[in-house]
Amino acid sequence: MKTKAVRIHGKMDLRLDEIDLEPIGPDGVRVKIISDSLCMSTYKAAVEGGNHKRVPDDVEKNPTIVGHEFCGQIVEVGENWKDRYKPGDGFAIQPAHYYKGSLLAPGYSYSQCGGDSQYANIPLETLLSDCLLKYDSDTYFYGSLAEPMSCIVGTFQAMYHTKAGSYTHEMGIVENGKMALLASVGPMGLGAIDYALHCDRKPSLLVVTDINEERLARAASIITVEHARRLGVELHYVNTANLTDPVGTLRDLTGGTGYNDVICFAPVKAVVEQADAILGYDGCLNFFAGPTDSQFKAEFNFFNVHYNATHVVGTNAGNTNDLKEAIRLINAGVVNPAAMVTHIGGLDAAAEATLNLPGIPGGKKLIYTQITLPLTSLSELEEKGKSDPMLAELAKIVAANNGLWCAEAEKYLLAHAKAI
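Quick caveat, the model's predicted, so the values are computed rather than measured.

### What about the nonpolar core?
Counting 72 residues, the largest nonpolar core has Leu 206, Trp 405 and Leu 413 as its most contacted members. Ignoring anything within four residues of it in the chain, the contact list for Trp 405 reads Phe 141, Ala 338, Val 341, Ile 344, Leu 366, Tyr 368, Leu 378, Leu 394, Val 398, Glu 410 and Leu 413. If you look at the next biggest cluster of nonpolar residues, it comprises 20 residues, including Val 6, Ile 8, Val 55 and Val 59.

Right, here's the structure in full:
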């Protein structure tokens, strides 16, 4: 069958193509993709082209489909998988399956599978790794956001600590400890704030920093200090650009002892070094942000490594269990990743939006792959709705939901938008 798909043809070369999907055979599963949220990781793949670890070296001759945060419906199941899946099932996907140590992943490596496509054939490696997960919801964008949320879940799990005299690593953040999230009011940062407040091991102090007052204000209006207080967490939003001594001020919020857990959301030398400087004894720094510069470096205080047992860890993806946990929390309404979404668009908007992600303000750009729609900011819906009745109705729905994208808005869009 034919499908429209956005493929990478080389460095900074993404194109909306029409391609043929091969018959699935007895070991295959075919899916209809409904939503895919764009990720900076895809932009980095576009920048590096065939030099990217997950993109094939010969991508210029054999393009692959991009997009790895996708969700939709299963439409066809090969004989060998009929005991596991059936047509009509919803699905979410864990792209980072590391099958037999390989870095191959949907959204980077395959000519037949990626999120920015109408339909896709799921790779056998994904099926064998149990990375095609059943998704019991008809709100598809939550399934797309489950993948980035799983990265956050994995990050919290990867933090570790020790006790004096012990060599055993105790995994996870310190319960009732002091936690800082630096440069953390972008889409992933918002998800981390939400998760920190609602996970099974909450900090008692949570400090969120950024240098953009507008983004800080938006975060504070969505995840409020009052809500955190009701959950037993002292939450502070801090604009470090306004401080003469950011490190001193941040440490003062802990009573001078420093933080047990610090996550850095920006690949910026000064931010990494600030994260190091505010660690307390046995403090763990997680470098979450993925740099495009393979030579990115920052200074780390090795006096504190020796005498204060400070340490660093990095995470770049969640695993399948993290994705299952993210889906559970989202479907149960414990966390709401809708705050990540600031733009919507159709499949025809995906290539240009991906190539320009760093320059587009806001959070997640959510692509609906079965429709045509220019990339549209949620804040623009009312203005653009003056000439488009569909967008006008979406503006009303979003406004009634505290300015956030929601299930009602998605259902209305899918019912009224023009098919691509």
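So, next bit.
### Some remarks on the pairing of strand β6 (residues 90-93)
On β6, burial covers both faces: Gly 90 and Ala 92 on one face and Phe 91 and Ile 93 on the other are all buried. Both strand β5 (residues 70-77) and β6 contribute to a ladder of three bridges, which runs antiparallel. Pairing of Cys 71 across the sheet is with Ala 92, part of β6. Relative to strand β8 (residues 132-134), β6 is paired through three bridges, and the arrangement is antiparallel. Residue pairing for β8: Ile 93 is matched across the bridge by Leu 132.

### So, the pattern of salt bridges
With the rule as written, the count across this model stands at 17 salt bridges. Among the salt bridges present, the one from Glu 76 reaches Arg 30, with a minimum N-O distance of 3.6 Å. Of the two residues, Glu 76 sits in strand β5 while Arg 30 sits in strand β3 (residues 29-37), which places them 46 residues apart along the sequence. Of the residues examined, Arg 30 reaches a relative accessible area of 7% and is grouped as buried. A salt bridge links Lys 269 to Glu 273; the shortest N-O distance between them is 2.7 Å.

### Quick word on the pairing of strand β11 (residues 178-182)
Most of β11 sits inside the fold, with four of its five residues counted as buried. Of the pairings in the sheet, the one linking β11 to strand β12 (residues 205-210) comprises four bridges and is parallel in character. Note that in β12 the partner of Met 179 across the bridge is Leu 206. Between the parallel elements β11 and β12, the chain passes through helix α4 (residues 187-198) in a crossover that is right-handed.

### Some words on the packing of aromatic side chains
Throughout the structure, instances matching the rule amount to nine aromatic pairs. When the ring of Phe 70 is compared with that of Phe 91, the centres are 6.0 Å apart and the planes differ by 75°; the resulting orientation is edge-to-face. Here Phe 70, found in strand β5, pairs with Phe 91, found in strand β6; they are 21 residues apart in sequence, far enough to count as distant. Judged on exposure class, the residue Phe 70 and its partner Phe 91 are both buried. Ring centres of Phe 265 and Phe 288 lie 5.1 Å apart, and the angle between their planes is 40°; on these two criteria the pair is classed as tilted.

What counts, and at which threshold
- Residues numbered from 1 in each chain as written.
- Predicted model: local features only at pLDDT ≥ 70, side-chain atom pairs only at ≥ 80, totals over all residues.
- Heavy atoms only, no water.
- Core = buried A, V, L, I, M, F, W, Y, C linked by side-chain atoms within 4.5 Å.
- Buried < 20%, exposed > 50% of the residue type's maximum accessible area, 1.4 Å probe, protein only.
- Contact = heavy atoms within 4.5 Å.
- Helix = DSSP H or I, 4+ residues; strand = E, 2+ residues; numbered from the N terminus.
- Pairing = 2+ DSSP bridges.
- Salt bridge = Lys/Arg side-chain N within 4 Å of Asp/Glu carboxyl O.
- Right-handed = clockwise from strand over helix to strand, strands pointing away.
- Phe/Tyr/Trp six-rings, centres within 6.5 Å; stacked < 30°, edge-to-face > 60°.

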